[in-house]
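# Architecture at a glance
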Amino acid sequence: QVQLVESGGGLVQAGGSLRLSCAASGTIFSINAMGWYRQAAGKQRDMVALIFSAGHTYYADSVKGRFTISRDNAKNTVYLQMNSLKPEDTAVYYCAGRSPLNTWDYWGQGTQVTVSS
């Protein structure tokens with residue numbers, strides 16, 4: 001099993017920055033990609049950023065140039081640096097891990113990010 005624990009959410013003013021962290025534990029060798037997703041109130045959960053085992057990254061158009069996903073393999077931790085935050089970035093942010101079957105089977109509990117205008 002894999003456990004994912006997010007941290008770093010909070011309340012920030014528009015234009016500000018936050019860094020989210022996702023610490024992974026358990027059978028992490030089974031993960032071939034990590035990602036950040038978000039779900040705003042009343043909306044579906046959407047992909048924000050992905051990082052693959054080879055280091056490639058992928059971003060939703062809405063966050064390109066503002067958010068950066070990275071990882072520290074020694075700490076088994078993935079980060080999401082969020083700059084130039086906008087009120088529309090307000091959501092619960094989830095960390096996710098992809099299994100060898102390429103399904104997103106592992107999820108954290110989520111961390112709330114609120115951006116005030």
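Look above for the structure.
To keep things clear, this report deals only with the structure shown in the data block. (Residues numbered from 1 in each chain as written. Predicted model: local features only at pLDDT ≥ 70, side-chain atom pairs only at ≥ 80, totals over all residues. Heavy atoms only, no water.)

Let us look at the overall build of the protein. Tallying secondary structure elements over the protein gives zero helices and 11 strands in all. Going from N to C terminus, the protein has its helices and strands arranged as β-β-β-β-β-β-β-β-β-β-β. Taken against the 2.2 N^0.38 rule, which gives 13 Å for 117 residues, the C-alpha radius of gyration of the protein at 13 Å falls within 12% of a compact globule. Counting over 117 residues, the protein shows a buried share of 42%. About 6100 Å² of surface is accessible on the protein, with carbon and sulfur atoms providing 50% of the total. Positive and negative charge centroids in the protein, built from 10 and 7 side chains respectively, lie 3 Å apart. (Helix = DSSP H or I, 4+ residues; strand = E, 2+ residues; numbered from the N terminus. Rg over C-alpha atoms; globule rule 2.2 N^0.38 Å. Buried < 20%, exposed > 50% of the residue type's maximum accessible area, 1.4 Å probe, protein only. Areas by Shrake-Rupley, 256 points an atom, 1.4 Å probe, with all protein chains shown as cover. Lys, Arg positive; Asp, Glu negative; His and termini not counted. Charge placed at Lys NZ, Arg CZ, Asp CG, Glu CD.)

What follows deals with the state of the cysteines. In this structure the tally under the stated criterion is one disulfide. Cys 22 shares a disulfide with Cys 95; S-S distance 2.0 Å. For the disulfide bridge between Cys 22 and Cys 95, the dihedral angle about the S-S bond is near -75°, and by the sign convention the bridge is left-handed. Of this pair, Cys 22 sits in strand β3 (residues 18-26) while Cys 95 sits in strand β9 (residues 91-98), and the two are 73 residues apart along the sequence. A single burial state applies to Cys 22 and to Cys 95, both of which are buried. (Disulfide = S-S within 2.5 Å.)

Turning our eyes to something else, we now look at the environment of Thr 111. With respect to the helices and strands, Thr 111 occurs in strand β11 (residues 111-116). A residue is classified by how much of its surface remains accessible, and Thr 111, at 12% relative accessible area, is buried. For the pair formed by Thr 111 and Gly 8, sequence separation is 103 residues and the distance between their alpha carbons is 7.3 Å. Ignoring any residue separated from it by four or fewer positions in sequence, one finds Thr 111 in contact with Glu 6, Ser 7, Gly 8, Gly 9, Leu 20, Ala 91, Val 92 and Tyr 93. (Contact = heavy atoms within 4.5 Å.)

To continue, consider the sheet that holds strand β7 (residues 67-72). Within the open sheet, the four strands sit side by side as β1-β3-β8-β7. Their pairing is antiparallel. Edge strands, defined here as strands with exactly one partner in the open sheet, are β1 (2-7) and β7. Each adjacent strand pair in this sheet contributes to an overall mean axis angle of 15°, direction not counted. Summarising the sheet, β1 and β3 pair through six bridges and their orientation is antiparallel. (Pairing = 2+ DSSP bridges. Axes fitted to C-alpha atoms, helices over the stretch in contact; angles between N-to-C directions.)

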